[in-house]
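Commentary on secondary and tertiary structure
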Amino acid sequence: ALYHRVPAFGEIKVKSSWAGFYEYNTVDQNAIIGFHPEMENVLMVNGFSGHGLQMSPAAGRAAAELIDNDGKFSTLDLDIFSFKRFLEGGKPVFEEGIV
């Protein structure tokens, strides 16, 4: 498509590429941040889909806070992303602005 607008793009060749998993949870496609409710020594920080690199600094800080503060967040309350939302009575987190 770009070639039709800028013919010079026809000369561009791929020199290298990268591929990876597009990982997300199948319930609401959002992150999971927090301890597993049944396995107390399992801290989950996953399910970011294609946004992992963007969110990794904040997610790392959140994980450190959970470990350092007896399972509580101190900077931002990210409890909405806990695993508990998948259990009975929990509420999935859907993004309204994503198409």
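Residues numbered from 1 in each chain as written. Predicted model: local features only at pLDDT ≥ 70, side-chain atom pairs only at ≥ 80, totals over all residues. Heavy atoms only, no water.

Taken as a whole and judged by the stated rule, the model has two salt bridges. Among the ionic pairs, D28 bridges to R85, the shortest N-O distance being 2.8 Å. Of this pair, D28 sits in the loop between α1 (2–5) and β1 (32–35) while R85 sits in the segment after α2 (52–68), and the two are 57 residues apart along the sequence. Across this residue pair, the class does not change: D28 and R85 are buried. Where E65 meets R61, a salt bridge forms, and the shortest distance between an N and an O atom there is 3.2 Å. Placement of both E65 and R61 in helix α2 is noted, with a separation of four residues, approximately one turn of the helix. (Salt bridge = Lys/Arg side-chain N within 4 Å of Asp/Glu carboxyl O. Helix = DSSP H or I, 4+ residues; strand = E, 2+ residues; numbered from the N terminus. Buried < 20%, exposed > 50% of the residue type's maximum accessible area, 1.4 Å probe, protein only.)

One finds A31, I33, F48, A59, A62, L66, F73, L78, F81 and V93 forming the largest nonpolar core, which totals ten residues. Sorting elements by how many residues they give to this core places α2 first, with three residues. Each residue touching F81, except ones within four places of it in the same chain, is listed here: N30, A31, I32, I33 and V93. (Core = buried A, V, L, I, M, F, W, Y, C linked by side-chain atoms within 4.5 Å. Contact = heavy atoms within 4.5 Å.)

According to the stated counting rule, one finds one aromatic pair in the structure shown. Centroid distance F83 to F86: 5.4 Å. Interplanar angle 70°. Geometry classified as edge-to-face. Relative accessible area serves as the criterion here: at 24%, F86 is assigned to the partly exposed category. (Phe/Tyr/Trp six-rings, centres within 6.5 Å; stacked < 30°, edge-to-face > 60°.)

Moving on to the side chain of N25. In this fold, N25 is placed in the loop between α1 and β1. The class for N25 is buried, based on a relative accessible area of 10%. Here V27 takes part through its backbone nitrogen, which lies 2.9 Å from a polar atom of the side chain of N25. In terms of polar contacts, N25 uses its side chain to reach the backbone amide nitrogen of D28, at 2.9 Å. (Polar contact = N/O pair within 3.5 Å; in protein donor to acceptor, adjacent residues only side chain to side chain.)

This part is about the confidence of the model for the protein chain. Confidence in the prediction of the protein chain, expressed as mean pLDDT, is 88, and 97% of residues score 70 or more. Within the protein chain, β1 carries the highest mean pLDDT (95), whereas α1 carries the lowest (85). (pLDDT = per-residue confidence, 0-100.)

For the rest of this paragraph, the subject is α2. Taking 1.5 Å per residue, 17 residues should reach 24 Å; α2 reaches 22 Å between its end C-alpha atoms and fits that length. Along its length, α2 reaches its greatest deviation from straightness, about 35°, at A58. Among all positions in α2, only A59, A62, A63, E65 and L66 are buried. Residues of α2 that are buried sit in contact with β1 and β2 (43–46). Of the residues flanking the end of α2, it is D70, one or two places downstream, whose phi is positive at about 50°. (Expected span 1.5 Å × (residues − 1). Bend = angle between axes of the 7 residues up to and from the residue.)

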